[in-house]
Amino acid sequence: MLEFIQLLKQRYLAVLSQPGNESIETSYRQRIDQLILAEAFMRKGQLLASGPDHPLQITVIGPTQAGKSSLVNLLLNSNIAGVSPLAGYTVHPEGFCNEISLKECSDLQRYFGRFQQLRQGQVPIDRYDCYLLTENATDSAYLPPCVLWDTPDFDSIDAANYREGLIRTIALADIIVLAVSKEKYADQSVWDIMSVLEDLHQPTIICLNKLVEGSESLLIHSLKDKWQQARKDEFPEVVPLYYQKQTGQPVWPESRRQLLAQMVNKVSHKKQARYEQELLQKHWREWVEPVVAEHQALADWQELVDQLMKQALDSYRRDFLDHPHHYETFKYALAELLRLLEIPGLAGVLAGTRRVLTWPVRQVMKLGRKRRHIADSSHEVALLNQLAEHMLIQMADRLLDRAEQNRHNQWWKEAGSLLRSRRPDILRDFNNAAKSYHIAFQQDVENTAQQLYHKLQEKPVVLNSLRATRVTTDAAAIALALNTGGIGMHDLIIAPAMLTVTSLLAESAIGGYMNRVEAELKQHQLTTVKQTLFIDSMGRKLAELPKQLTHLTQFNIEPEQLQTAEHQLKEKRHGLRIL
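Residues numbered from 1 in each chain as written. Predicted model: local features only at pLDDT ≥ 70, side-chain atom pairs only at ≥ 80, totals over all residues. Heavy atoms only, no water.

A word on the overall build of the chain
Right, on to step 1. Across its full length, the chain holds 21 helices and 9 strands.
Right, on to step 2. Residue pairs in contact within the chain that sit at least 24 positions apart in sequence constitute 79% of those at least 6 positions apart.
Right, on to step 3. A total accessible area of about 28,400 Å² is found for the chain, and carbon and sulfur atoms account for 51% of it. (Helix = DSSP H or I, 4+ residues; strand = E, 2+ residues; numbered from the N terminus. Contact = heavy atoms within 4.5 Å. Areas by Shrake-Rupley, 256 points an atom, 1.4 Å probe, with all protein chains shown as cover.)

Comments concerning helix α17 (residues 442–457)
One turn of an α-helix holds 3.6 residues; hence residues three or four places apart share an orientation.
Right, on to step 1. Spanning 16 residues, α17 covers 23 Å between terminal C-alpha atoms, matching the ideal 22 Å at 1.5 Å per step.
Right, on to step 2. Gln-442, Val-445, Thr-448, Ala-449, Leu-452, Tyr-453 and Leu-456 are the residues of α17 that are buried. Buried residues in α17, looked at end-on, bunch into an arc of 135°, giving them a common side. (Expected span 1.5 Å × (residues − 1). Buried < 20%, exposed > 50% of the residue type's maximum accessible area, 1.4 Å probe, protein only. Arc of directions from axis to C-beta.)

Regarding the pairing of strand β6 (residues 175–181)
Right, on to step 1. Within β6, 7 of the 7 residues are buried, which leaves it mostly tucked inside the rest of the structure.
Right, on to step 2. What you see with β6 is no split at all: Ile-175, Val-177, Ala-179 and Ser-181 on one side and Ile-176, Leu-178 and Val-180 on the other are buried throughout.
Right, on to step 3. Relative to β6, strand β1 (residues 57–61) runs parallel, the two being bridged by 4 bridges. Residue pairing across strands places Thr-59 opposite Ile-176, the latter belonging to β6.
Right, on to step 4. One ladder, built from 6 bridges, connects β6 with strand β7 (residues 204–211); its direction is parallel. Note on β7: the bridge partner recorded for Val-180 is Leu-208.
Right, on to step 5. Handedness of the β-α-β unit built from β6, helix α6 (residues 188–197) and β7 comes out right-handed. (Pairing = 2+ DSSP bridges. Right-handed = clockwise from strand over helix to strand, strands pointing away.)

Looking at the pairing of β7
Right, on to step 1. In terms of residue burial, β7 counts as a mostly covered element, since 7 of its 8 residues are buried.
Right, on to step 2. Relative to strand β8 (residues 237–243), β7 is paired through 5 bridges, and the arrangement is parallel. Note that in β8 the partner of Ile-205 across the bridge is Glu-237.

Structural notes on the sheet that holds strand β4 (residues 130–135)
Right, on to step 1. Read from one edge to the other, the open sheet built from 9 strands follows the order β3-β4-β2-β5-β1-β6-β7-β8-β9, with strand pairing classed as mixed. Looking along the sheet, the strands with just one partner apiece sit at the ends: β3 (116–118) and β9 (250–251).
Right, on to step 2. Two elements, strand β2 (residues 94–98) and strand β5 (residues 146–150), share 5 bridges in a ladder whose sense is antiparallel. Paired with Phe-96 across the strands is Leu-148, a residue of β5.
Right, on to step 3. Strands in contact with α6 are β1, β6 and β7; relative to β6, the strand with the most contacts, it is inclined by about 165°. (Axes fitted to C-alpha atoms, helices over the stretch in contact; angles between N-to-C directions.)

Examining the packing of aromatic side chains
Geometry of an aromatic ring pair is reported as the spacing of the ring centres plus the angle between the planes.
Right, on to step 1. In total, this model carries 18 aromatic pairs according to the counting rule given.
Right, on to step 2. Where Trp-301 meets Trp-411, the ring centres are 5.9 Å apart and the plane angle is 80°; that geometry is what we call edge-to-face. Separated by 110 residues along the polypeptide, Trp-301 in helix α10 (residues 289–321) and Trp-411 in helix α16 (residues 410–440) bring together distant segments of the chain. When sorted by exposure, Trp-301 lands in the same class as Trp-411, which is buried.
Right, on to step 3. Linked through ring pairs, Tyr-111, Phe-112, Phe-115, Tyr-131 and Trp-149 together constitute an aromatic cluster. (Phe/Tyr/Trp six-rings, centres within 6.5 Å; stacked < 30°, edge-to-face > 60°.)

Some words on the nonpolar core
Right, on to step 1. Ranked by internal contacts, the top residues of the largest apolar core, which has 71 residues, are Leu-8, Leu-108, Met-194, Leu-223 and Trp-284.
Right, on to step 2. When residues in this core are grouped by element, the largest group, 10 residues, is from helix α2 (residues 25–50).
Right, on to step 3. Ignoring sequence-local partners within four residues, the contact set of Leu-108 consists of Leu-47, His-54, Gln-57, Tyr-131, Leu-133, Trp-149 and Leu-172.
Right, on to step 4. By size, the runner-up hydrophobic cluster in this structure holds 57 residues, among which are Met-391, Met-395, Leu-456 and Leu-533. (Core = buried A, V, L, I, M, F, W, Y, C linked by side-chain atoms within 4.5 Å.)

Given below as structure tokens:
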């Protein structure tokens, strides 16, 4: 699951980095922060699982000028944390090891991942992917053995630059110390982040800083109202910190000296796995919404392709297979049957002349010599190319409509643009596939003629009658050619012979068989065209087209990856389903 959360975060960052995404920037930024928090919280779970004796982590958070670094120094009884009157002075998480050594914190590097661990004075000013870890050399009266973290603010203009380090440090915390001042406690940014942190179930105290005597009661009451508006859990302990003019530092109340040591008793890691699951489940639908939208777009794309292919096949059936004048394939089978009806022993000038005159049609029909011009002159191939072109035009129109209906979804717009750029290549490949199919299908034409011929052999009377007709047709054609000086191949050779043979076959004892053979040939031809051209050629190329969309603008998370992650989401780590 952690790997999927990291992948999802990376995809959000990649998509948001592209121009033209201003409309979704706010919502995507929020989701990225949530994913960073979830990733860090899961990393904490791994940290706890690998080392039960992991040192206590206390994190001080708050808005600008709330006195976070001053509070850290107060708790450490030191001046080790850098303090400045300028907002945004602290930009890196800085941990101070109190009564523990740096060696005991070695596993923090694994938790922070790509963030580099450095010491004070080592951090380049323009780097935010690092954290500081320093040993505290003084004795603290207020802290148990722990790592106390000073953090950047979360509400300044530059906070976006170092926000990830802040979120990681917050997720690491066993105890949260919220530092607010009387000027900043009501800021919405404070309660936005405290609302988010409710899902982490971290024991919390609030330090109300920069107070003057007598003002705390009213402010604490207002704080409680703000808390109850933002969260449903119990209002935490509030520590008033009074400002000392002489030192410029806050003063920790003596009555709360042991508060942080006592807070340790509220820390429990037993429910960490459950809290992780609850955090993921709360935001899951929102996080994967663009991924699901892409998957739906892919499904809609495939449905559109299937719909347009069906329309193209319906047109192919209507305008070719079932058209009384345009369907040529069965005529080719009958022409092949004429060749099979040759009378053994026919010789002389008549036979020789006929071979010369019928040479063009033999070149076209003779299946042993398949030529490319068979496909080039085919009405079927021309029609198929027209249907393919019309299909892509309709596809482009539908994509334009989808893009207009989904203005905030770039998927359809980019898919339409990609289709326009790939259209010439798709049509060229389809044309080549159509020609190859047409030539290869001549073998099926020959098989159909063989079927008819073998059936005729069972009917000698019909066979002899057809052979006699074949001789008469050839003789008449030769005479006509000699008298007129030659006429067109189709009119002279194919049409008269075809009409005579078709009529005799239809009226003979095998008329029903011939109709059945023709129907079977049509169905086989439709199935072949559907599979070879519209599924394997056009359909496959259109189905693969969305995969060529740029990874920078799309999430490109496979449905199987999402399904695996969602299956893990429904399972506890020990394998029991959450009811």
